[in-house]
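Below are the chains, spelled out letter by letter.
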Amino acid sequence: MKKSVISILGCILICSCTAKVPSTHVWLTSEAGDKCAEASAIVFRKGQAADAVVVDVNDRRQTIDGFGNSITESAVFVLACLTPEERHAVLEEMYGEKGANFPASRTVVGSSDFTVKGHYSYDDKDGDETLEHFSMAVHQDGFSQTEYPQIKDEGFDMWQCIHEIAAIKASQADKEWRIVASPWTAPAWMKDNKQFFDKKNRYGGTLLPKYYEAFARYYVKYLEAYRSAGIEFWAITPENEPMGNDGSWESMHLSPEAEAALIGRYLGPEMAKAGFGDVKILGFDQNTFEAAPYTAAIFGDSLANNYTDGTALHWYGSTISCFPEVLDSLHAAHPDKRLIHTEGCVDNLGCDAWPGVSDYEGYKESGWFNNDSFWWNANATDWAYSTPWWPEWHPKYAVTHRYASYIIDGLNHWLTGYIDWNAVLDSIGGPTHVFNHCGAMLMVDYKNDILYFTPYYYVLKQFSRSMRPGDVVLKVNGERLKVNGESPVHLCATQNADGQIAVNILNTGEAVTFPLRVGDYYAEVAMPANCVETIIVKL
């Protein structure tokens, strides 16, 4: 009897010791200099661990839409300042399978704050309700070397850029590319103030109801122009920032009820009639904490609800929070509608005051260009840093921390993806016709031939490579890990169709070690200071 028990126990011990260990793959981006670098594999063992952060493989949540950046005229201008070979290498790095392989992008319908000169639409003929004068030529005519001596490719423009990225995507196995289009304003003649924006009176103007139909057909003509050239859009938003921007640059005010009427009675039907019924409409397209009145109006309108797939969100309400309670509330109210982030950027680039945004002469560099340390530590400010508006939500911050924590926390609270603002800008965060200088993934000093991929690019590269469209977010118990009474570690997890799990972790403090359990396996995760780590686990 004793021999039999011993044999059984021996068998159990052998089975436990030889249990299959999940394979792992690790990427690391850190202040120490790692840039989406291969790191040592982490050993998982079958069993439990006390006080572990737990990835619940049975609690499957929303589906990922992907990560990416925005193709603005300013970004295209800077790309035109590179040689065609340099430019193609940059686009391959961002969109190719061997690089970040971004599956999502946003582009601008007409002009915005990040156009070189601004102030245009595709039909500026006053009163042209039939849109006889509609033309996309402004996005196809390139930039003159006579006017801009730094230009190296005069024929490169928005149209050519989108097609070059499309060609990169078409040549690879993973062809996923989801383009979102957003207008900053309708043609000025469709608005009550007849202007693209009015900074003096702090007003962007509003779309006149008598032109709702004309604006819907204007949008359809934009989609048709790209479709005729082989480019399909995944989604549109009716208007960027319908609450306005105090007339600081191109904008157009739409109340929640007005946007619902525009979508349900004009834009949705016109798109369906023209064969664009499969193009998603995303409502709102402004700051998360202000979204509820728009989602209530749009999804509460039976016509608008039928045409609207979800809500587009921006992050400008805070540099330290994704407003998780608001995201949870939006999801709870409309669980069948997606929540996707469509714009965020680093405003002000470390300047101390509001003039740094609005007054080019007040801009100062603050040592951030080609200096990774700036982006990893609390040096950055934004538009609200030194204003009386919500100072507790806008302290100085580390850019990489803001990006990684916003995305990780957002995914844990129902976000489906993140699209950054300008893909590329020059070395001072432009060009911008209203001097609204911002950060970008790639900053280019074309006078000295320096191409600087900022550290947060590599963070987004890790996220994009590890969390692909169609992957599912898993519940994490312990998504914010407390260390020494603080919460410097943020975690999220996703799973793809093959069962592979990606755990993305931000460590905002000193080196830390903690137990992580994924399904029936656990490991001790040792993270260096100030880093983002991606752990790929195959159970």
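Report follows, based on the coordinates.

Thresholds, definitions, all that
By convention here, each chain's residues receive numbers from 1 onward along its written sequence. It should be noted that, the model being predicted, local features are given only for residues of pLDDT at least 70 and side-chain atom pairs only at 80 or more, the latter also being counted only at that level, while totals for whole chains, interfaces and linings use all residues. Side-chain measures here rest on the full set of heavy atoms in the structure, leaving out hydrogens and waters. Here, strands pair whenever DSSP counts at least two bridges between them. Only runs of H or I of at least four residues qualify as helices and only runs of E of at least two qualify as strands under DSSP, and these elements are numbered from the N terminus. By definition here, a salt bridge exists when the distance from a side-chain nitrogen of Lys or Arg to a carboxyl oxygen of Asp or Glu is within 4 Å. Fitted lines through C-alpha atoms give the axes, limited to the stretch in contact for helices. The angle between two N-to-C directions lies from 0 to 180 degrees. Whether two residues are in contact is decided by their heavy atoms, any of which lying within 4.5 Å being enough. Each residue's exposure class comes from its accessible area (1.4 Å probe, protein chains only) as a fraction of the maximum for that residue type: buried when under 20%, exposed when over 50%, partly exposed otherwise. The reported arc concerns the directions from the helix axis to the C-beta atoms and nothing else.

1. Digging into the pairing of strand 15 (residues 450–453)
On a regular strand, each side chain points to the face opposite its neighbour's, so the side chains alternate between the two faces of the sheet.
Then, in step 1: Judged from the four bridges that link them, strand 14 (residues 442–445) and strand 15 form a sheet pairing that is antiparallel. Residue pairing across strands places Asp 445 opposite Ile 450, the latter belonging to strand 15.

2. Some words on the pattern of salt bridges
Then, in step 1: Under the defined criterion, the tally for this structure stands at 18 salt bridges.
Then, in step 2: Ionic pairing is found between Arg 106 and Glu 343, a salt bridge with its closest N-O pair at 2.8 Å. Pair noted here: Arg 106 is in strand 6 (residues 104–109) and Glu 343 is in strand 11 (residues 338–343), with a separation of 237 residues, a long-range link.
Then, in step 3: One salt bridge in this structure joins Arg 227 and Glu 232, with 2.9 Å as the shortest N-O distance.
Then, in step 4: Several salt bridges share partner residues, and in doing so they unite Asp 65, Glu 176, Arg 178, Asp 309 and Arg 338 into one network.

3. Looking at the sheet that holds strand 13 (residues 424–426)
Strand pairing in a sheet relies on backbone hydrogen bonds. The paired strands run either parallel or antiparallel.
Then, in step 1: Taken together, three strands build an open sheet; the order of strands is 13-14-15 and the sheet is mixed. Either end of the sheet is taken by a strand with one partner, and the two such strands are strand 13 and strand 15. Neighbouring strand axes in the sheet, compared pairwise and without regard to direction, differ in orientation by 25 degrees on average.
Then, in step 2: Relative to strand 14, strand 13 runs parallel, the two sharing three bridges. Its bridge partner being in strand 14, Asp 426 is matched across the sheet by Val 444.
Then, in step 3: Here helix 2 (residues 73–80) sits on the sheet and contacts strand 13 and strand 14; the angle it forms with strand 13, its principal contact strand, is near 70 degrees.

4. With respect to helix 9 (residues 324–333)
Then, in step 1: Val 326, Leu 327, Leu 330 and His 331 are the residues of helix 9 that are buried. What you see down the axis of helix 9 is that its buried residues fit within an arc of 130 degrees, all on one side. For helix 9, the exposed residues lying more than 90 degrees away from the buried face are Ala 332 and Ala 333.
Then, in step 2: Considering only its buried residues, helix 9 is in contact with helix 7 (292–300), strand 10 (308–314), strand 11, helix 12 (399–411) and strand 12 (415–422).

5. Points about the environment of Val 434
Then, in step 1: Counting through the fold element by element, Val 434 comes out in the loop between strand 13 and strand 14.
Then, in step 2: Taking relative accessible area as the criterion, Val 434 reaches 12% and is therefore assigned buried.
Then, in step 3: For the pair Val 434 and Asn 58, spaced 376 residues apart in sequence, the C-alpha separation works out to 50 Å.

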